Amino acid sequence: MGTAYAVRMPLQPLSEGEARERLGRFGPNILVPEGRHAALTWVLRFVTDPMVLLLALAGGTYAVLGERFDAIVALGALVPIFLIGAVLEHRSEAALKALKNLALPTARVRRGSEERVIDARGVVPGDVLLVQEGDVFVADGILAAGTDLLVDESPLTGESQPVLKETQSGELYAGTSLRSGRGEMLVTATGTATRYGRIGKLLSEMHPGATPIEEAIHRLVRQIGAAVIVLCAVVILVEHARGALWAAAVIAGVSLAMAAIPEEMPMVYTLYLALGAWRLARQRALVRRLASVETLGSANVICVDKTGTLTQGRLDVAAVWPYRSSQAQVLTAAVLASEARAFDPLDAAVLKYARAHGTDTSMLDRGVPEVSYAFDAASRRITQIWRTREGMRVAVKGAVENVLALCTLSEAQRREIADANEAFAREGMRVIAVAEGTRPSVSDLREQNESNLDFRGLLAFSDPVREDVPEAIRTCKRAGIEVIMITGDHPATAQATARLLGLRSTRTITGPELESMSEHDLAQALSGARVFARIQPEQKLRIVKALHARGDVVAMTGDGTNDALALREADIGVAMGKHGTDVARAAADLVLLDDDFATIVAAIAGGRRIFKNLRRAFRYLNAFHTPLILSAIVVPFFGVPLLLLPVHLVWLELIVHPTSALVYENESTGADGTMSERPRGRASALLRGTDWIRPLLLGVTLSAGCLAAYLWALGHGYPAQAARGMALAAMISGQMLLVLTERSLQLPIWKQRFLENRRLVPILAGTAAMLIAMLYVPALSAVFRVAAPAPAHLGAAFGIAALTTLWLEPFKRPTFDVVHRR
């Protein structure tokens with residue numbers, strides 16, 4: 001929504017009626033629209049999922065054959081899958097929307113003859129906005145009246161220096177902020193017609209692709225689906241050839257399909273990511289896209305902004321260098337050259353330091369200066385003239401070279417001051433100069449008012465490094481993760497900060513250097529460069545692409561509108577929650593609520609932990625899925641009733657399996673298990689060769705034991721319900737033991753610590769309780785078509801489970817790391 005509007009002078013404020021009409025015609029002033037038809041897109045993705053299609057086909061087949069109960073069970077299995085996906089999909093977007101609403105902007109407008117404060121979404125083209133220092137512009141427009149403005153356009157353009165906007169011609173843009181001045185702005189564009197909004201609209205229409213693991217899981221499901229169709233056809237034909245009716249043959253084939261479909265795998269994957277996102281939210285990181293939680297674990301490069309992420313994002317006075325004067329004189333002159341309402345961070349730092357060191361700042365509240373010259377890009381200084389009993393007192397602060405030009409000094413004195421300035425700059429500090437003088441009266445000429453001043457000294461400012469960042473960078477080094485610092489600051493400032501952080505770099509690349517480099521040269525330079533200075537936001541995109549060309553998995557931070565493309569190009573885009581723009585947040589996968597680098601490192605550790613535990617869970621699912629498939633394939637060939645009916649398959653695959661798999665999500669890998677290893681890389685498979693072979697062996701032996709028990713019971717004249725009860729008791733008991741065996745590839749279960757995982761005992765106890773209830777509660781036994789086995793048979797079932805799942809345990813050998821961690 002939004003539009004552009006032709007400027008008319010002089011200003012004619014809209015009436016309330018005109019504003020309402022334009023709001024209806026042009027729509028609300030929403031700069032970053034929500035993605036269109038997001039819910040419909042998710043539903044379409046759900047119904048076209050191969051796993052969902054196979055379950056729907058199975059349910060439809062049962063319905064056609066008259067098996068109403070089995071049809072309800074099969075189709076009902078889709079409900080929890082749908083609900084879990086829908087809830088988790090909605091959750092992160094709702095959290096982001098709440099974050100946006102916390103900082104919902106307002107605007108002061110002139111409507112008719114009155115001034116009002118309204119929700120910024122109600123601003124329309126033609127409105128007259130009243131703007132003052134500290135305001136964020138909520139629409140595009142023209143500065144129609146007032147003083148010249150000094151505007152911070154860095155969120156939109158990346159320009160580090162404020163831009164001067166002149167009355168009647170200065171163009172103002174949504175998303176930028178007013179550093180100094182005040183005036184009236186005629187709105188010319190709102191919503192997605194603004195420069196800011198056009199980028200937001202583009203991003204809202206973009207859809208990120210699947211992550212490598214998402215593609216791997218979808219590919220696995222598709223391959224299994226194709227294999228299931230072939231196996232179904234074979235089973236149906238074999239059954240019919242053996243004399244079974246077509247209906248019975250089809251039921252056998254569909255049962256095989258339900259057993260073979262790994263519907264629990266996508267469910268477990270989604271649950272792991274959701275729990276990972278929940279853990280990260282507790283650590284002040286909001287996940288916008290669930291798949292990015294796992295992708296974080298594979299990152300091997302973090303490109304991070306310096307200001308506000310590695311540093312605290314504020315300016316503090318680090319040193320005062322008086323020149324032939326006292327510190328009190330320097331601070332008093334600096335205070336007199338400051339604004340009482342300190343929106344500028346330099347002014348705020350000066351006043352804070354001055355008050356802490358006993359300097360009186362009340363003169364700023366008691367009166368207003370006789371003359372005030374605001375900071376602008378040309379003069380690069382602020383001057384204020386105060387009426388005192390001694391006459392007119394002139395106070396100036398600003399860029400060192402500009403203030404020096406106003407002072408009466410010899411060349412030797414100027415060199416002395418320049419040397420001090422250079423020494424501070426080498427320490428990464430931002431330096432301003434302070435001067436003052438007295439006049440009998442004020443001239444109409446600024447040059448006369450600011451001439452022949454007395455130089456008072458220098459103020460050096462630093463942006464303190466966050467206390468936890470050096471340790472976080474050391475953690476990254478141990479984990480094989482490269483940290484690249486990107487800043488718009490001077491190279492000397494960037495290098496000094498890098499030294500404080502312990503970030504080693506063989507060279508510092510500046511924005512102009514980067515612009516002149518070829519793609520090949522940039523890729524070569526990245527092998528040793530860890531510091532980029534004087535970088536524009538648009539250049540971040542080139543850095544990400546160069547890293548991708550090397551095969552790196554990249555996390556990129558950003559807070560400005562022009563960072564959006566780099567955030568979207570990166571494997572993990574990380575936006576700032578406190579100071580980031582809505583466009584940056586919309587483009588990002590992760591939003592830092594505390595803007596802290598250590599939170600990114602914690603998120604990467606969380607991603608690695610999720611990957612390790614997902615590997616455990618999928619090994620377990622492979623092991624226990626095998627008896628389901630083999631039972632569905634083998635049993636029909638013996639011409640006996642099916643061992644596993646649809647109700648058993650749905651119960652096992654949608655309740656028992658996912659619940660048991662959550663045991664591994666709570667496994668602690670420890671710091672040594674996550675951040676002491678090299679990144680696994682983009683092409684790393686979730687399951688390696690050994691992760692397939694060992695679980696399949698256990699699954700085959702458990703299958704053999706369960707099938708032997710079932711066929712033995714039937715062969716000795718036991719009813720199908722009793723035989724099924726005995727076989728299911730063996731299968732569920734074996735499943736519980738498989739949960740334990742897959743916790744560790746080094747430690748046998750009798751050496752494991754069960755209480756370390758708070759979910760382990762409750763989940764296993766719950767599984768045992770469900771088995772007992774199924775066997776011994778008559779209503780459930782009828783639903784599951786089982787009968788309770790005799791005590792001796794129940795004991796035999798437990799023995800079969802132990803023999804067929806624990807036979808590899810004595811061969812486990814703990815590694816040194818496992819022993820050491822214990």
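Every chain is numbered on its own, with residues counted from 1 as its sequence reads. Local features in this predicted model are restricted to residues whose pLDDT is 70 or higher, and side-chain atom pairs enter the listing and the counts only when it is 80 or higher, whereas totals over whole chains, interfaces and linings include all residues. Note that the side-chain values use all heavy atoms of the structure and ignore hydrogens as well as water.

A closer look at the overall build of the protein
Worth spelling out the cut-off: Numbering of helices and strands runs from the N terminus, with a helix taken as a DSSP run of H or I at least four residues long and a strand as a DSSP run of E at least two residues long. A 1.4 Å probe rolled over the protein chains alone gives each residue an accessible area, and that area as a share of the maximum for its type sets the label: buried under 20%, exposed over 50%, partly exposed in between. Contacts are residue-level and defined by heavy atoms, with any inter-residue pair within 4.5 Å sufficient. For the area figures, the Shrake-Rupley method with a 1.4 Å probe applies, and any residue is considered shielded solely by the protein chains shown.
Looking only at helices and strands, the protein features 34 helices and 23 strands. Within the protein, buried positions represent 55% of all 822 residues. In the protein, 73% of the contacts between residues at least 6 apart in sequence involve partners at least 24 apart. Accessible area for the protein stands at about 35200 Å²; split by element, carbon and sulfur atoms hold 59% of it.

Quick look at the pairing of strand β2 (residues 114-119)
Under the convention used in this document: The pairing criterion is simple: DSSP has to find at least two bridges between the two strands.
Here strand β1 (residues 106-111) pairs with β2 via 6 bridges, running antiparallel. Bridging from a neighbouring strand, R110 pairs with E115 of β2. Once β1 ends, the chain turns through 2 residues before running back antiparallel as β2, passing G112 with a positive phi of about 65 degrees.

Details of the pattern of salt bridges
Note the threshold: Salt bridges, as used here, are contacts in which a Lys or Arg side-chain nitrogen is within 4 Å of a carboxyl oxygen on Asp or Glu.
Applying the stated criterion to the full structure yields 33 salt bridges. Between E513 and R507 there is a salt bridge, with the nearest N and O atoms lying 3.3 Å from each other. On the basis of relative accessible area, R507 is assigned to the partly exposed category, the value being 33%. R753 is paired through a salt bridge with E756; the nearest N and O atoms lie 3.4 Å apart. In this structure R753 comes out as partly exposed when scored by relative accessible area, which is 37%. On the accessibility criterion, E756 (54% relative accessible area) is exposed. Through salt bridges with shared partners, one network takes in R619, R694, E742, E809 and K812.

Let's talk about the sheet that holds strand β7 (residues 171-172)
Within the open sheet, the 6 strands sit side by side as β2-β1-β3-β9-β4-β7. Their pairing is antiparallel. Across the chains shown, the open sheet's two edge strands, defined by having one partner strand only, are β2 and β7. Of the pairings in the sheet, the one linking strand β4 (residues 140-146) to strand β9 (residues 182-189) comprises 6 bridges and is antiparallel in character. When the bridges of β9 are listed, D140 appears paired with A189.

Some thoughts on helix α19 (residues 469-478)
Buried within α19 are the following residues: V469, P470, A472, I473, T475 and C476. Here the buried face of α19 lies against β11 (301-305), α12 (306-310), β18 (482-486), α20 (491-501) and α26 (597-634). G480 sits one or two positions beyond α19 and adopts a positive phi of about 75 degrees.

Remarks on the packing of helix α13 (residues 327-336) against helix α14 (residues 345-356)
Definition in use: Orientation is described by lines fitted to C-alpha atoms, with helices fitted over the stretch in contact, and by angles between N-to-C directions that extend from 0 to 180 degrees. These descriptions rest on fixed angle ranges, namely under 35 degrees for roughly parallel, over 145 for roughly antiparallel, 65 to 115 for roughly perpendicular, and the rest for oblique. Whether a crossing is left-handed or right-handed is set by the direction in which the near helix is turned from the far one by less than a right angle, anticlockwise for left-handed and clockwise for right-handed.
For the pair α13 and α14, interaxial distance at closest approach is 10 Å and the crossing angle is 140 degrees. By the angle between their axes, α13 is oblique relative to α14. Every pair of crossing elements has a handedness; the one defined by α13 and α14 is left-handed. Two secondary-structure elements touch here, α13 through Q327, L331, A334 and V335 and α14 through V350, L351, Y353 and A354.

With respect to the sheet that holds strand β13 (residues 371-373)
The strand order across the open sheet built from 6 strands is β12-β17-β16-β15-β14-β13, with neighbouring strands paired in antiparallel fashion. Sheet topology places β12 (316-322) and β13 at the edges, where each strand pairs with a single neighbour. Taken pair by pair, the neighbouring strands of this sheet meet at an average axis angle of 20 degrees, ignoring direction. Contacts from helix α17 (residues 411-426) reach β12, β16 (430-439) and β17 (454-462) within the one sheet, and its direction differs from that of β17 by about 10 degrees.

A short note on the pairing of β17
With 7 of its 9 residues buried, β17 lies for the most part within the structure. Relative to β17, β12 runs antiparallel, the two sharing 6 bridges. Considered in β17, the bridge of D316 is made with S462. Inspection of the sheet shows β16 paired to β17 by 7 bridges, in the antiparallel sense. By the bridge assignment for β17, A433 is matched with L458.

Thoughts on the packing of aromatic side chains
Applied cut-off: Aromatic rings from Phe, Tyr and Trp, taking only the six-membered ring of Trp, are treated as a pair when their centres fall within 6.5 Å; an angle between ring planes under 30 degrees marks them as stacked, one over 60 as edge-to-face, and anything in between as tilted.
Here the structure, examined in full by the defined rule, presents 5 aromatic pairs. Between the aromatic rings of Y620 and Y664, the centroid separation amounts to 6.0 Å while the plane-to-plane angle is 50 degrees, which identifies the pairing as tilted. Placement of the pair is Y620 in helix α26 and Y664 in helix α27 (residues 646-665), with a sequence separation of 44 residues. Comparing Y620 with Y664, the two get one shared label, buried. Cluster of aromatic residues (ring-pair linked, three or more members): W321, Y323 and F455.

Focus on the environment of Q168
Positionally, Q168 belongs in the loop between β6 (163-165) and β7. Residue classification places Q168 among the partly exposed residues on the basis of a relative accessible area of 48%. Separated by 23 residues in the primary sequence, Q168 and A145 have C-alpha atoms spaced 6.7 Å apart.

Brief notes about the nonpolar core
The condition is simple: For the purposes of this section, nonpolar cores are sets of buried Ala, Val, Leu, Ile, Met, Phe, Trp, Tyr and Cys residues that join through side-chain atoms within 4.5 Å.
In terms of nonpolar packing, the biggest core is built from 103 residues, with I302, L590, F597, L652 and M731 touching the most fellow members. Ranked by the residues each element gives to this core, the list is headed by α26, at 15 residues. Residues contacting L590, with those up to four places away along its chain left out, are L280, A285, L286, V287, L296, G573, V574, A575 and A603. Counting residues in hydrophobic clusters, the runner-up holds 28 residues, among them I484, V554, A570 and A575.

Description of the confidence of the model for the protein
As a reminder of what qualifies: The predictor attaches a confidence to each residue, called pLDDT, with possible values from 0 through 100.
Model confidence for the protein is summarised by a mean pLDDT of 81, while 82% of its residues fall at 70 or above. Overall, residues 1-9 carries pLDDT values under 50, and its contacts beyond four positions in sequence, including any with other chains, amount to 33 contacts. Note that pLDDT drops below 50 for residues 816-822; the model gives that stretch 8 contacts with residues more than four away or on any other chain.

Concerning helix α1 (residues 16-26)
To keep things clear, this is the line we draw: Read the arc as the range of directions from the helix axis to the C-beta atoms.
Every buried residue of α1 is listed here: A19, R22 and F26. Angularly, the buried residues of α1 cover 65 degrees about the axis, an arc narrow enough to put them on a single face. Relative to its buried face, α1 has exposed residues pointing more than 90 degrees away, namely R20 and G24. On the buried face of α1, the contacting elements are β1.

Brief notes about unusual backbone geometry
Despite not being glycine, R324 has its phi angle at roughly 55 degrees, a positive value. Within the fold, R324 resides in the loop between β12 and α13. Look at R324 and you get exposed, because its relative accessible area is 65%. A positive phi angle, close to 55 degrees, is found at R534, a residue other than glycine.

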